[in-house]
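Residue-level listing of the chains:
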Amino acid sequence: MTATDRPVVLIAEELSPATVEALGPDFEIRHCNGADRGELLAAIADVDAILVRSATKVDAEALAASRRLKVVARAGVGLDNVDVKAATQAGVMVVNAPTSNIVSAAELAVALMLAAARHVSPAHASLKNGEWKRSKYTGIELYEKTVGIVGLGRIGVLVAQRLSAFGMNVIAYDPYVQAGRAAQMGVRLVDLDTLLAESDFMSVHLPKTPETAGLIGVEQLAKVKPSLVLVNAARGGIVDEEALYAALKEGRIAGAGLDVFAKEPCTDSPLFELENVVATPHLGASTDEAQEKAGVAVARSVRLALAGELVPDAVNVQGGVIAEDVRPGIPLTEKLGRVFTALAGEAAQQIDVEVRGEITDYDVKVLELAALKGVFSAIVEDQVSYVNAPLLAAERGTAVRLVTEPESPDHRNLITIRGTLADGSQVSVSGTLVGIAQRERLVEVNGFEIDIEPTDHLAFLSYEDRPGIVGLFGRILGEARVNIAGMQVSRDEKGGHALVALSVDSAIPADTLTEIEQAIDATEIRAVDLR
């Protein structure tokens, strides 16, 4: 390989020297300031791969400016600065380093817990001001206390392991983890109310989703011990900051350790005025080791991608050859997985991915992976890929099976995700592609026939069939300024069980969902965000 035909890799931000070493000598390495928009757009024009951190915005404009870009590599976990959808449409692979910071994040959560328990920040400030106040800053031990882990993903597990070594009793809330799996780690699974009531310390390790936003709010903080120390090193907004401030100010909880905030950067918060709060500026991944791991991991992914090999940390592209007839079903299947998770509300013990119709003439294994990617995308902290999705299922004790059947009586092709929950009940959702344009449609939910487009915002309402229900929830949505884009009503029989599938233009607020649930006496109501 000559110097002129070597693939070109653009490094748009400062990365560790180990990143360049991991790339090796087979690439032409260029550098630019990715934060300088003009410089970036000029530099990206003729490169094969670009490596970024968080300051470089790789959006549709940047992708359009590149003539031969094949890979966008984010040396870190978050992908807020990369337009994954636009990259996918352009056929550009996006990779990140999903496990690079998990140890650093777990250690910071423990550090915040210890600092809050022992009043490290105010004692340090007091001493620097020439004061010696030992009795004022008397703390509490972690030993033999109960810690509640909210979210038992990879970071939550690491925190649980470390706090077990402190002699703590570890309990956890995570509806998507099987109790047996938690027990193997020495963790007792409980519901959220039990965790709130029993915890002396609490550490949050959930992804930020519409379902988890504000999960720890006024109602939840009213159920905890006044001695509670709460730590959030996951995502801002999961803990309601106003509710937390009030609880701390009024002495209804003892302390808090915070690394993340609803709006960042955050330099002016009432929480910073309180001595019983220790706060850091989103330092979860800010260690030399995490940065080096991230750089080395994405460098390896770039090497694999440009060599045409399977890339374990690819976010949007499955390795290997995928038949053209199968490709349109991939995004649909991922959406079905997200709908399934919202409907189930807990971990399924068994998931069947059923594929029927003409596409079963091809290898449809990728549809199983797409289904699992959708199922787990809203319930784990990690970035879910086609490669790690089966591992996430195994970690949570969920058995997975791909079922294919060439006969499809009602649709040319039909994809169904069917799961069995812990109580033996089943959840199912089906979809298909229609017309020359291959438009996505949801055609079945829990046995009810529907026909609705899977738009960004969906809701499913189950209730006993009776007159006036549509008018009731229609009025409530109207008052909340939520516009209905599409609606399908299905029922098993007149006066029996009914299901309404709604497509709406904007997310339905949680209090509006509660109002609808009470107004129509719903047996179940679920909202889904497919963005």
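These numbers come from a predicted model, not from an experiment.

**Section: the overall build of the chain**
Piece 1. Secondary structure assignment for the chain yields 17 helices and 22 strands.
Piece 2. By the compact-globule yardstick of 24 Å for 531 residues, the chain fits well, its C-alpha radius of gyration being 25 Å.
Piece 3. Its C-alpha atoms give the chain principal-axis dimensions of about 80 × 75 × 45 Å.
Piece 4. Residues counted as buried form 50% of the 531 residues belonging to the chain.
Piece 5. A separation of at least 24 residues holds for 64% of the contacts in the chain among residues at least 6 apart in sequence.
Piece 6. In the form shown here, the chain has an accessible surface area of approximately 24100 Å², with 49% of it arising from carbon and sulfur atoms.
Piece 7. Within the chain, one finds 49 positive and 74 negative side-chain charges whose respective centroids are separated by 3 Å.

**Some details on empty space enclosed by the protein**
Piece 1. A full pass over the atoms with the stated rule returns 4 cavities of 30 Å³ or more.
Piece 2. In this structure, the largest cavity is lined by Tyr176, Phe340, Thr341, Glu346, Ala347, Ala348, Ile351, Val375, Phe376, Ile379, Arg396 and Thr398.

**Section: the environment of leucine 402**
Piece 1. Structurally, leucine 402 is set in strand 14 (residues 399-405).
Piece 2. Separated by 49 residues in sequence, leucine 402 and valine 353 have C-alpha atoms that sit 4.9 Å apart.
Piece 3. When residues no more than four places from it in sequence are discounted, the contact partners of leucine 402 are Val353, Val355, Val364, Lys365 and Glu368.

**Comments concerning the pattern of salt bridges**
Piece 1. Following the criterion strictly, the structure yields 27 salt bridges and no others.
Piece 2. In this structure, aspartate 451 and arginine 441 form a salt bridge, with 2.8 Å as the shortest nitrogen-oxygen distance. Of this pair, aspartate 451 sits in strand 18 (residues 448-452) while arginine 441 sits in strand 17 (residues 439-445), placing them 10 residues apart in sequence.
Piece 3. For glutamate 524, the salt bridge goes to arginine 526, with nearest N and O atoms at 3.4 Å.
Piece 4. By relative accessible area, arginine 526 is classed as partly exposed at 26%.

**Remarks on helix 11 (residues 241-249)**
Piece 1. Burial in helix 11 covers these residues: Ala243, Leu244, Ala247 and Leu248. Seen from one end, helix 11 has its buried residues packed into an arc of 130 degrees, which puts them on one side. In helix 11, the exposed positions that point more than 90 degrees away from the buried face belong to Glu242 and Lys249.
Piece 2. Elements in contact with the buried residues of helix 11: helix 10 (218-221), strand 11 (255-258) and strand 12 (277-279).
Piece 3. The opening residue of helix 11, the one whose side-chain oxygen lies 3.0 Å from the backbone nitrogen of glutamate 242, is aspartate 240.
Piece 4. Immediately beyond the C-terminal end of helix 11, within one or two residues, lies glycine 251, with a positive phi of roughly 75 degrees.

**As for the packing of helix 13 (residues 329-344) against helix 14 (residues 365-377)**
Piece 1. Direction vectors running N to C along helix 13 and helix 14 enclose 40 degrees, while the axes themselves pass 7 Å from each other. Here helix 13 is positioned oblique relative to helix 14, judged by the angle of their axes. Classified by chirality, the crossing of helix 14 by helix 13 is right-handed. Contacts from Gly329, Ile330, Thr333, Glu334, Gly337, Arg338, Phe340 and Thr341 in helix 13 reach Val366, Leu367, Ala370, Ala371, Lys373, Gly374, Val375 and Ser377 in helix 14.

**Points about the sheet that holds strand 18**
Piece 1. The strand order across the open sheet formed by 6 strands is 14-13-15-16-17-18, and the pairing between neighbours is mixed. Two strands lie at the open edges of the sheet, namely strand 14 and strand 18, each paired on one side alone. Averaged over all pairs of adjacent strands, the angle between their axes in this sheet comes to 20 degrees, without regard to strand direction.

**Here's the deal with the pairing of strand 16 (residues 426-434)**
Piece 1. Across the 9 residues that make up strand 16, a large majority, 7, are buried.
Piece 2. Note that strand 15 (residues 413-420) and strand 16 share 6 bridges and pair antiparallel. The residue bridging isoleucine 415 from the neighbouring strand is glycine 431, located in strand 16.
Piece 3. Sheet analysis places strand 16 next to strand 17, joined by 6 bridges and oriented antiparallel. Within the sheet, the bridge partner assigned to serine 430 lies in strand 17 and is glutamate 444.

Cut-off values and rules
- Residues numbered from 1 in each chain as written.
- Predicted model: local features only at pLDDT ≥ 70, side-chain atom pairs only at ≥ 80, totals over all residues.
- Heavy atoms only, no water.
- Helix = DSSP H or I, 4+ residues; strand = E, 2+ residues; numbered from the N terminus.
- Rg over C-alpha atoms; globule rule 2.2 N^0.38 Å.
- Buried < 20%, exposed > 50% of the residue type's maximum accessible area, 1.4 Å probe, protein only.
- Contact = heavy atoms within 4.5 Å.
- Areas by Shrake-Rupley, 256 points an atom, 1.4 Å probe, with all protein chains shown as cover.
- Lys, Arg positive; Asp, Glu negative; His and termini not counted.
- Charge placed at Lys NZ, Arg CZ, Asp CG, Glu CD.
- 1 Å grid on protein atoms, 1.4 Å probe; cavity = no way out; pocket = protein on both sides within 12 Å on 5 of 7 lines; lining within 4 Å.
- Points joined across faces, edges and corners; volume = space filled by probe spheres on them.
- Salt bridge = Lys/Arg side-chain N within 4 Å of Asp/Glu carboxyl O.
- Arc of directions from axis to C-beta.
- Polar contact = N/O pair within 3.5 Å; in protein donor to acceptor, adjacent residues only side chain to side chain.
- Axes fitted to C-alpha atoms, helices over the stretch in contact; angles between N-to-C directions.
- Parallel < 35°, antiparallel > 145°, perpendicular 65-115°, else oblique.
- Left-handed = near helix turned anticlockwise from the far one by under 90°.
- Pairing = 2+ DSSP bridges.

Everything listed here is a matter of coordinates, which is why it stays silent on function.
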